[in-house]
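# Fold and contact review
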Amino acid sequence: MTNRDREFATLNFGDPMGRGAVEETFYPWDLTVERFHKEGLPEDISMGLRKEVPEKEEVSFTGADSGKKMISVDETFLKVSFGGPVMVYEEYLGFDPVKRVKFEFPFGEESGIMLHAYEDWTALKKHIEAEAKRCLSEEQVEQLCKGMQAGHERGDFSVRLSLQGFFWIPRELFGVEEHLFAFYDEPEWMHEINEFILNLYETYLPRILHIIQPDVVYIQEDLSGKNGPMISPECFREFVGAYYQKLIPFLKEHGCGNVFVDTDGDFMKLIPEFLEAKVDGFLPMDVNAGMDIIAVREAYPKLKFIGGFNKLRIAEGKEAIDREFERILPVIRQGGYLPGADHQVPPSASFENYKYYISRLKEVMKQACADA
């Protein structure tokens, strides 16, 4: 059984042939990598993770006409290079190989590009359209993705693609508080933004999905906190769910596997809305915000999960790690679940404890889907 087949069987309540897929939820936190390096993580692996990946690079490209030329490969939108060192790191630790890819928009608080007036949006749209046309041309996308194609088709590794969602992107553009007011003060503008994003996905994702068909797509949202969702079911249906109902079937039609939503916090009240919008599952299942996968699976037997292991238990040592695996074992046995840390492993965890956590993960995944 290939690594890709094993992940498919584990997530789809199948028979993973002896053991389920052993994968981590997210790529590592840089502060945690620094600690692990001090405690024994090899220098080359540590440096690979911490090395700055250039967004632009001159490469030789052979096009359909077989003529070689130099092109500037630009990762402004489609970020592929970072996933190589992450996969090397995870394979070194004993995880099954997962190639991580990100499709991100070059705006938001970190970039300094935010909206303060509608005129800002008019200018930004033109800028994004021009940049997307430049950075996501067919030859650019082929150059970025073709190196993954053969290994992925052989099943050597699975591909996990992250997209930014229809709650996430307006928040990045407006800021947290202004975004929440905009649901009521600027509903037409909010819809215009999300229609624009949907159109860009429908225009450019097929160029990627023609080459690689991700096994898991997860949509970044972070629309809930410890006290519950930040929007009502009604707001979700109008401003988020309506766009999922167009995007998710589109992704499936182009060969994508499971579509997950990435949201921290307690989103229990919105699960019926997510299911109505055709979402397959969730990550990272934030334990400390009250997301108990045992209770959620009882309420929604076919809902799928990635994560759900309380990351704070890793720092507490072997007995705490064992107890946490005992807690989540019933869901592991039911299938439809890739257990992993319920967010990036924090630097409070020692390298020794993390290696023990991985060894126990490998052991318990021998019971994956046993009760499916």
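Here, every reference points to the structure presented above.
Below: a short report on this structure. This one's a predicted model, so the numbers in the text were calculated from it and none came from an experiment. Residue indices follow the written sequence of each chain, beginning from 1 at its first position. This being a predicted model, a pLDDT of at least 70 is required before a residue's local features are given, and a value of 80 or more before pairs of side-chain atoms are given or counted; all residues contribute to the totals for chains, interfaces and linings. Water and hydrogen atoms were dropped before computing side-chain values, which therefore reflect all heavy atoms in the structure.

## Quick look at the layout of surface pockets
Counted as a void, the second largest pocket has a volume near 170 Å³. Grid points spaced at 1 Å over the protein atoms alone were grouped into cavities, where a 1.4 Å probe fits but cannot get out, and pockets, open sets with protein on both sides within 12 Å along at least five of seven lines, with lining residues defined by an atom within 4 Å of a point. Forming the walls of the second largest pocket are F26, Y27, W168, Y218, Q220, D222, D262, D264, H343 and Q344. Each residue gets one label: Ala, Val, Leu, Ile, Met, Phe, Trp, Tyr, Cys and Pro are nonpolar, Asp, Glu, Lys and Arg are charged, and the others, such as Gly, are polar. Looking at the lining of the second largest pocket residue by residue, the class counts come to 4 nonpolar, 3 polar and 3 charged. Grid points are joined across faces, edges and corners, and a volume is the space filled by probe spheres set on the points.

## A word on the pairing of strand 11 (residues 304–309)
Partly exposed describes any residue whose relative accessible area lies between the buried limit of under 20% and the exposed limit of over 50%, with all areas from a 1.4 Å probe on protein chains only and scaled to the type maximum. Each helix is a run of H or I in the DSSP string that is no shorter than four residues. Each strand is a run of E no shorter than two, and both are numbered from the N terminus. Taken across its 6 residues, strand 11 has 6 buried, putting it largely inside the fold. Regarding the hand of the β-α-β motif, the stretch spanning strand 10 (residues 281–283), helix 12 (residues 293–299) and strand 11 is right-handed. In terms of strand pairing, strand 11 meets strand 12 (residues 337–341) through 5 bridges, oriented parallel. When the sheet's bridge partners are listed, F309 is paired in strand 12 with A341. Call a crossover right-handed when, viewed with both strands pointing away from you, the route from the first strand across the helix to the second goes clockwise. At least two bridges found by DSSP between two strands is the condition for calling them paired.

## Some thoughts on the sheet that holds strand 11
The 8 strands lie next to each other as 3-4-5-6-9-10-11-12, forming an open sheet whose pairing is mixed. Strands at the two margins of the open sheet, each flanked by one partner only, are strand 3 (78–79) and strand 12. Both strand 5 (residues 158–164) and strand 6 (residues 216–220) contribute to a ladder of 5 bridges, which runs parallel. Directly across from L161, in strand 6, lies its bridge partner V217. Sitting on the sheet, helix 1 (residues 3–11) touches strand 4 (98–103), strand 5, strand 6, strand 9 (258–262), strand 11 and strand 12, and the angle it makes with strand 12 is about 100°. For this analysis, residues touch if any pair of their heavy atoms sits within 4.5 Å. Helix axes use the C-alpha atoms of the stretch in contact, all axes being lines fitted to C-alpha atoms, and the angles between their N-to-C directions lie in the range 0 to 180 degrees.

## Quick look at the environment of E324
Looking at the element boundaries, E324 is found in helix 14 (residues 318–334). Looking at E324, the relative accessible area reads 6%, which means it is buried. Taking C-alpha positions, E324 is 36 Å from L78, a pair spaced 246 residues apart along the chain. Beyond its immediate chain neighbours, meaning those up to four positions away, E324 contacts V287, G308, F309, N310 and R313.

## Notes on the nonpolar core
To qualify as a nonpolar core, a set must consist of buried Ala, Val, Leu, Ile, Met, Phe, Trp, Tyr and Cys residues joined through side-chain atoms within 4.5 Å. Counting 105 residues, the largest nonpolar core has F103 and Y244 as the members making the most contacts within it. Broken down by element, this core gets its largest block of residues, 12 residues, from helix 9 (residues 187–209). Core analysis: the next-biggest nonpolar cluster, separate from the first, contains 9 residues, L11, L283, I306 and L338 among them.

## Comments concerning empty space enclosed by the protein
Applying the stated criterion across every chain, the model contains 1 cavity of 30 Å³ or more. In this structure, the largest cavity encloses a volume near 90 Å³. For the largest cavity, the lining is made up of 14 residues, of which E24, P28, Y89, V345 and Y354 are closest to its centre. Mapped onto the lining of the largest cavity, the elements with two or more residues apiece are helix 2 (30–38) and helix 4 (83–93).

## Here's the deal with the pattern of salt bridges
Two side chains that carry opposite charge are able to pair once their charged atoms sit near each other. Salt bridges are identified by distance alone: a Lys or Arg side-chain nitrogen within 4 Å of an Asp or Glu carboxyl oxygen. One pass over the structure, following the stated rule, counts 21 salt bridges. In this structure, E316 and R313 form a salt bridge, with 2.9 Å as the shortest nitrogen-oxygen distance. Of the two residues, E316 and R313 both sit in helix 13 (residues 312–316), 3 residues apart, roughly one turn of that helix. With its nearest N and O atoms 3.3 Å apart, the salt bridge here joins E363 to K366. What makes E363 partly exposed here is its relative accessible area of 40%. The exposed category is assigned to K366, whose relative accessible area is 51%.

## Notes on the state of the cysteines
Whenever a pair of cysteine sulfur atoms sits within 2.5 Å, that pair is classed as a disulfide. Taken as a whole and assessed by the stated rule, the structure comprises 0 disulfides. Looking at C135, it has no disulfide partner, and the nearest cysteine sulfur is the one in C145, 14 Å off. Given the relative accessible area of 0%, C135 is considered buried. Free of any disulfide, C256 has its nearest neighbouring cysteine sulfur in C145, separated by 12 Å.

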